[in-house]
Amino acid sequence: MDLRDTPEQAEFRAQLRAWLADNVPTEPEPQTMPARFHYVVAWQKRLYSGGWVALSWPKEYGGQGLGPVEESILNQELGRAGAPAAASFTFLGRAFLTFGTEEQKARYLPGFLSAEEIWCQGFSEPEAGSDLASLRTTATRDGEDFVINGQKLWTSRGSFAQFCLVLARTGTRESRHRGITAFVVPTDTPGMTRKPLIMANGDEEFAEVYFDDVRVPASNMLGELDQGWKVTQATLAYERGAADLGYLAKYERMLAQLAGIAQERGVSDDVSNVEAVGRVLGHLEVLRLHSMRRLSDRAQGKAVGAETSIDKVMMTQTEQLLLHTALDILGPEAVQGRGDWFKKYLYSRAASIYGGTAQVQRNIISGRLLGLKE
Amino acid sequence: MDFSLSEEQELLAASTRSLAADLFGESVARQVLDGDRARADKGWSNLQEAGLASLLVAEEHGGGGGSLLDACVVTTELYSALAPVPYLTSAVAVPLLAAGSGEQGTPVLTALAEGATYGLFVGADLSWPATGPDAVCLDWAPGRDGLAVGPDTLELGPAEAGPGVDPLHPLGRGTGAGSVSWPAAGLPEASSRALAGVRVAAAAALTGCLAGAAQLAWDYIATREQYGKPIAAFQAVRHLAADLLVDLETCRSVSLGAAWQVENEPIEDAARVAAVAKSWCGEAAVRSIETSIQLLGGIGVTWESTAHLYLRTAHQLAASFGDTRSLLRRVGADFISARGGHSDGSS
């Protein structure tokens, strides 16, 4: 065990820090869509031009040929510098790396990484959330094409994306995960309709997407026919990993802000506030060490598997405790809507739902990690 | 960045687990409950002969020259096996504190390498330092002296049986000795680092208690049948079982990572992460052992079940060397005074 950077990692970190000092946007991140979306895309483009995107991807596909540790250093340093997070949807690109044909990789990956083309993930449906394998959107073969009909929900960036990776049923209705195929669908294809979904905090992060005889060529299939479940599993495993997402640095900044506010208001000596801050800090330290352990496993070539469900539960608990503590410390002022703490708090309630609910994670832990039979 | 245990450490964990299974386990714990310490003491002699009890003593004093991380790996395995031995005190806390107290500690280190066993005096609140006549001796046994260590004091003293909730790790009452002086502030770094090391080792012990109790519960729910099937088939039960693994894995992460940090990073970071590890593992172990008892059902609350032994040990550990809430307040206060002045969080 040695938790320090290697000399190479330290050099990488130093270069990154220097670049960030010159490039982090000075204007604050807009609070609402679509302004925030454009801000994040502009930042992604700048990161790409600086060579800081897809660090752990192979060079031949536009990556930097580095490892998961460098990805983690990037996320740490972005948080430290107060920069917007790197686009958290790079896990979708993993599906193309693993399952795409050479033609698909050449066509889609450059635009994906440079943020010239924005993607969304058409997985969840009104009747298929946690139980994704029950999805009802269909794709029916018609000559050289597939015709897609149905509805997607909770589609992040759905209103803004140029492409959607759609899971559709190509088998019988009873085929569940054995009869699902993944398709690349340009969002300007005739028959596709998108409506923003307003969240409890007023935000428009998600969309409802309707498919009415949407026709795509069979060559838009990602992976093989009826093998879409594999694509899904590979994507979700990355989505659940805390180390990939780099939330930790963001949480640390929020806690420091909170401590500053508590001091300004003269409530930082209150022993219950001190203890509450200590409790959040404890969660952050545990999450940091736990993520390092996972990252180290991954860097040593151990496969990403069901263990990420543990990480997801821990991350969820940390985020929700942090924002709940924020409201406790801010007191009655928080509910009067000044500042954006209440908004962040509302968003934190989604943490135990997106990427697989807290209950689904516990199903995975008890079934796949503990081996308990149902 | 490398979080993994070395091959030697993996081997140390496996051999300790196997040794502890041979030497200890439920039947030895039961004998101790009935007042018969013969096999427990024999097991302790075996651990000494295997070199595990002097692992943390430097080679120049005749010990194994192991790291805190090595000792934590051993500690977790012994507490998971309900070993009624003074490992945390005599094999971890005493060598760390004696080495941290300078030359005066040398005779103690040499004696440890030659097979001596010590209890450890702490204050009446089970925290340290052990000042005053009401000091408590951790891992007391009849005829065993306790050690009181300060930055520039080190003395041995007798103790008599005292009240405690954990029969596997008895508490003694100081009888006059065990009073040392500690500065109110400005503790020497060597002492601070030793204290941090003890806290992390306690976190590793708590992780072991949690691991042992969780395994009892997981085994039980997979075989106990109600309504015609194992109760592990019920989702309400499965989710509690899953929570145990979340606690166990995070305890492992923080106790192992903190063990490395305490030996290798600046003292402020070492002190903070040690306090976090101790408070996290103290809270998680008690919570998860309580959950394990719930999963064990009626059996879990009987004297016959070993679950209460884990719970007793965990509570005593959680209360020792700084309890959860006092440690959280300490790290919270430090964070607020260091960071709170900069509400942009850039420091």
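All values reported here derive from a predicted model rather than from experimental measurement.

What follows deals with the overall build of chain A. Within chain A one finds twelve helices and eight strands. By the compact-globule yardstick of 21 Å for 374 residues, chain A fits well, its C-alpha radius of gyration being 21 Å. In terms of principal-axis extent, the alpha carbons of chain A reach across some 70 × 50 × 45 Å. The 374 residues of chain A split such that 44% are buried. When contacts within chain A are restricted to residue pairs at least 6 apart in sequence, those whose partners lie at least 24 apart make up 70%.

Moving on: the sheet that holds strand β3 (residues 146-149) of chain B. Residue and element names in this part refer to chain B. Taken together, six strands build an open sheet; the order of strands is β4-β3-β1-β2-β6-β5 and the sheet is mixed. The open sheet has two free edges, formed respectively by β4 (154-157) and β5 (159-161), since each of these has just one partner strand. Put simply, the sheet's adjacent strands are angled 40° from each other on average, direction ignored. Direction of pairing for strand β2 (residues 136-138) relative to strand β6 (residues 171-174): antiparallel, over a ladder of three bridges. Looking at β6, one finds that L138 is bridged to L171.

The next subject is the pairing of β3(B). Residues and elements named next belong to chain B. Burial along β3 is two-sided: the face carrying G146 and A148 and the face carrying L147 and V149 are both buried. With four bridges joining them, β3 and β4 adopt antiparallel strand pairing. Among the inter-strand pairings, V149 is bridged to a residue of β4, identified as L154. Counting the residues in the hairpin turn of β3 and β4 gives four residues.

Let us look at the domain arrangement of chain A. When the domains of chain A are assigned, the result is domain 1 (7-88), domain 2 (119-225) and domain 3 (240-369). Its C-alpha centre places domain 2 of chain A at a distance of 31 Å from the equivalent point of domain 3 of chain A.

Residue and element names in this part refer to chain B. Across the interface, helix α9 (residues 267-296) lies against helix α10 (residues 307-319) with an axial gap of 9 Å and an inter-helix angle of 165°. Classified by the interaxial angle, the pair formed by α9 and α10 is roughly antiparallel. Read as a crossing pair, α9 and α10 show a hand that is left-handed. Note on element contacts: α10 touches α9 through A307, Y310, L311, A314, H315, L317 and A318, opposite G282, A285, V286, I289, S292, I293 and L296. Classifying every residue of the contact of α9 with α10 gives eleven nonpolar, three polar and no charged.

Here is what the cut-offs are and how they apply
- Residues numbered from 1 in each chain as written.
- Chains lettered and ligands numbered in written order.
- Predicted model: local features only at pLDDT ≥ 70, side-chain atom pairs only at ≥ 80, totals over all residues.
- Helix = DSSP H or I, 4+ residues; strand = E, 2+ residues; numbered from the N terminus.
- Rg over C-alpha atoms; globule rule 2.2 N^0.38 Å.
- Buried ≥ 20, exposed ≤ 12 C-beta atoms within 10 Å, placed from the backbone.
- Contact = placed C-beta atoms within 7 Å.
- Pairing = 2+ DSSP bridges.
- Axes fitted to C-alpha atoms, helices over the stretch in contact; angles between N-to-C directions.
- Domains from an automatic or database assignment.
- Parallel < 35°, antiparallel > 145°, perpendicular 65-115°, else oblique.
- Left-handed = near helix turned anticlockwise from the far one by under 90°.
- Nonpolar A, V, L, I, M, F, W, Y, C, P; charged D, E, K, R; others polar.

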